[in-house]
Amino acid sequence: MNNKYKISKIKVSLVKTQSAGADYTDHAKGHWINDRIIANPMSKYKEYQNSRSTWGMDVLKGILIQIYTEDGHEGFATAYGGYISAWIIKNHLERFLIGADARNFSLLYDQMFRSTIPYSGQNGVVINAIAGIDLAMWDLVGKIKDEPVYNLIGGKVRDKLHTYVTGVQPKMYKEWGHFGSKYPLPYGPGDGPSGLKKNQEIFMELRKEVGKDYPLMIDCYMALDVPYAIDLANALREVDIYWIEEVLPPHDLESHKYIKKACPWQRWTTGEHTNTRYGFKKLLEDKSVDIIQPDVTLCGLSEVIKIMNMASTYDVSVIPHCSGVYAYNFGIASPMTPISEFINLSPNGDKVVPVFGKMFTDEPVPKDGYISLSDKPGFGVTLNNEIELEEVVFD
C-alpha cells in the first residue's frame, strides 16, 4: 500500500464556536431557525412550541474529523453528534481505519456500518459518525490526488447549480435570483382547525408576495400525521405549493403512499432524517414520494451515491437536504439533481452566509441564485484556524 493513502491517525474535536460546523441549529438566542413557531415533533406540547431549543434540538453540536496518512496528508470534514459521535469513532470505528487504505470507501463504510448494526438502526448519530468519517476520507483522497471530489465521483454534469433557499424571506430570495423558496410550516396537528387555517392564510399571503409562478415549498420537519398532511395539501391546493417536505417521522415509511394516493397532484418529498439506502428503498418502490432528500452530512457521500443510483432506476430526483459544500460537490456531478438547497442561516434569514458558518474560510455561497465550485482539491474548503476546537480524547 502506498503510504500516502495509509491512514495513521484520526482526530476528533468538538466545535466550540457557535454558528460553525454541521449542527445547523447551534445559534444564539433569537435565531429564526430555533426561536420562532415552526411545526416539529414536539410542537403538540404548548410549552415547547415557541422555540425548538427548549426541547433540545440543538444539544448534540458539531464535530470536526481530521484523518491523517503516514506521509502527512490530511483530510477533514465537519460532522454531527458531539461527544456521542466522538466516543463511537474513537472507541469503536477507529479500529477499521488505522492502517487502512483511504481509497477503500466502500469497504470501510461497509465494515463500520455492519459492526454497528447491533446498536445503530438505520438513522441517527451512529450513522452520522460514519458519514463524517466517509466525508473526511473523500476530502483526503481528493487532496492527495489534487482533484476536487466532484471529479472523483464522475465529473461535472453542469457548470453551476441553481439553488433554492430555505428561510423566512421568500420574496427576498426571489429577488436574489434563486429557483424557489422553502418556508417552515408554523402550525401542526396539535393546533387543530384554527392552526390549519393560519397555515392557509400564511401561505396564501406568501404566494401574493412572490407571484403566481415562483416555486414555494413547505418544510414540515416530521411534525404531521397522515390526516393532517392530506388536509394541509387540500387547504393549500390553490396556493400551488411546489413540494411539501418531510411530513412524517422517518420510521413511518409506509404511510407516505396513502398521502400520495390521496393527493396525487401534490409533489411530496422526504429524506433529511433517513440516513441509509435501506430507508429509501420502500419509498422508491412504492413511488410514494416524488423527490428524495438525503443529507450528505448525515449519510456520507458513499451512501448518497448508492441512494442516487437506486433512485435513478425509478427516475426520482435526488435533491440533498442542506449539507453545504458536500451537497454541492455531489449535486454538480449528479444527473439526478436539478437544483440544490441553500439554507439561509443568517439570524433573520436576510443575508447570505455560508451553511457551515465560520467553519471554513472559503466556503462557496450562491451568487445570483447559483452555486459554482472551484477546482480546489478535496471538497475545496480551508479550515478556519480561528475556530475553537476541543479535541476529544478518551483514556
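Look above for the structure.
Only a predicted model underlies this, so the values are computations on that prediction, with no experimental measurement involved.

(A) Broad picture of the overall build of the protein chain. Broken down by element type, the protein chain carries 13 helices and 13 strands. What you see for the protein chain is a C-alpha radius of gyration of 20 Å, in line with the 21 Å of a compact globule of 395 residues. In terms of overall dimensions, the protein chain has C-alpha extents of about 60 × 45 × 40 Å along its principal axes. Here the protein chain holds 395 residues, and 58% of them are scored as buried. Of the contacts made within the protein chain by residues no fewer than 6 positions apart, 71% connect residues no fewer than 24 positions apart. On the protein chain, roughly 15,600 Å² of surface is accessible, and the fraction owed to carbon and sulfur atoms is 49%. Distance between charge centroids for the protein chain: 3 Å, based on 42 positive and 49 negative side chains.

(B) Summary view of unusual backbone geometry. Of note, the phi angle at Lys61 is positive, near 75 degrees, even though the residue is not glycine. Structurally, Lys61 can be placed in the loop between strand 1 (7–15) and strand 2 (62–69). The phi dihedral of Asp240 is positive, around 60 degrees, even though this residue is not glycine.

(C) A look at empty space enclosed by the protein. Following the criterion strictly, the structure yields two cavities of 30 Å³ or more and no others. Estimated volume of the largest cavity: approximately 110 Å³. Of the residues that constitute the lining of the largest cavity, the class distribution is seven nonpolar, two polar and four charged. Approximately 40 Å³ is the volume found for the second largest cavity. Elements that contribute at least two residues to the lining of the second largest cavity include exactly helix 9 (256–262) and strand 8 (268–270).

(D) Quick look at the packing of aromatic side chains. Here the structure, examined in full by the defined rule, presents twelve aromatic pairs. Ring geometry for Tyr173 against Trp176: centres 5.6 Å apart, planes inclined by 55 degrees, an arrangement best described as tilted. Tyr173 sits in the buried class, given a relative accessible area of 0%. Exposure remark for Trp176: the relative accessible area of 25% places this residue in the partly exposed category. An aromatic cluster is built from Phe76, Tyr326, Phe356, Phe360 and Phe379, whose rings are joined through pairwise contacts. The lysine or arginine in question, Lys9, covers the ring of Tyr68, its NZ or CZ lying 5.5 Å from the ring centre.

(E) Region of the structure containing the pattern of salt bridges. A complete count under the given rule lists 18 salt bridges for this structure. We note a salt bridge from Asp290 to Lys260, for which the minimum N-O separation is 3.0 Å. Taken together, the residues Asp290 in the loop between helix 10 (277–286) and strand 9 (291–292) and Lys260 in helix 9 connect sequence positions 30 residues apart. Look at Asp290 and you get partly exposed, because its relative accessible area is 27%. On the accessibility criterion, Lys260 (13% relative accessible area) is buried. Here Asp350 and Lys351 are joined by a salt bridge, their closest N and O atoms 3.9 Å apart. Linked by salt bridges that have partners in common, Glu254, Lys257, Lys282 and Asp286 make up one network.

(F) Inspection of the packing of helix 1 (residues 82–97) against helix 2 (residues 105–115) at higher detail. Where helix 1 meets helix 2, the closest approach of the two axes is 9 Å, and the angle between their N-to-C directions is 150 degrees. Every pair of crossing elements has a handedness; the one defined by helix 1 and helix 2 is right-handed. Contacts between helix 1 and helix 2 pair His92, Leu93, Phe96 and Leu97 from the former with Leu108, Gln111, Met112 and Ser115 from the latter. Its residues placed into classes, the contact of helix 1 with helix 2 shows five nonpolar, three polar and no charged.

The rules behind these values
- Residues numbered from 1 in each chain as written.
- Predicted model: local features only at pLDDT ≥ 70, side-chain atom pairs only at ≥ 80, totals over all residues.
- Heavy atoms only, no water.
- Helix = DSSP H or I, 4+ residues; strand = E, 2+ residues; numbered from the N terminus.
- Rg over C-alpha atoms; globule rule 2.2 N^0.38 Å.
- Buried < 20%, exposed > 50% of the residue type's maximum accessible area, 1.4 Å probe, protein only.
- Contact = heavy atoms within 4.5 Å.
- Areas by Shrake-Rupley, 256 points an atom, 1.4 Å probe, with all protein chains shown as cover.
- Lys, Arg positive; Asp, Glu negative; His and termini not counted.
- Charge placed at Lys NZ, Arg CZ, Asp CG, Glu CD.
- 1 Å grid on protein atoms, 1.4 Å probe; cavity = no way out; pocket = protein on both sides within 12 Å on 5 of 7 lines; lining within 4 Å.
- Points joined across faces, edges and corners; volume = space filled by probe spheres on them.
- Nonpolar A, V, L, I, M, F, W, Y, C, P; charged D, E, K, R; others polar.
- Phe/Tyr/Trp six-rings, centres within 6.5 Å; stacked < 30°, edge-to-face > 60°.
- Lys NZ or Arg CZ within 6 Å of the ring centre and 35° of its normal.
- Salt bridge = Lys/Arg side-chain N within 4 Å of Asp/Glu carboxyl O.
- Axes fitted to C-alpha atoms, helices over the stretch in contact; angles between N-to-C directions.
- Left-handed = near helix turned anticlockwise from the far one by under 90°.

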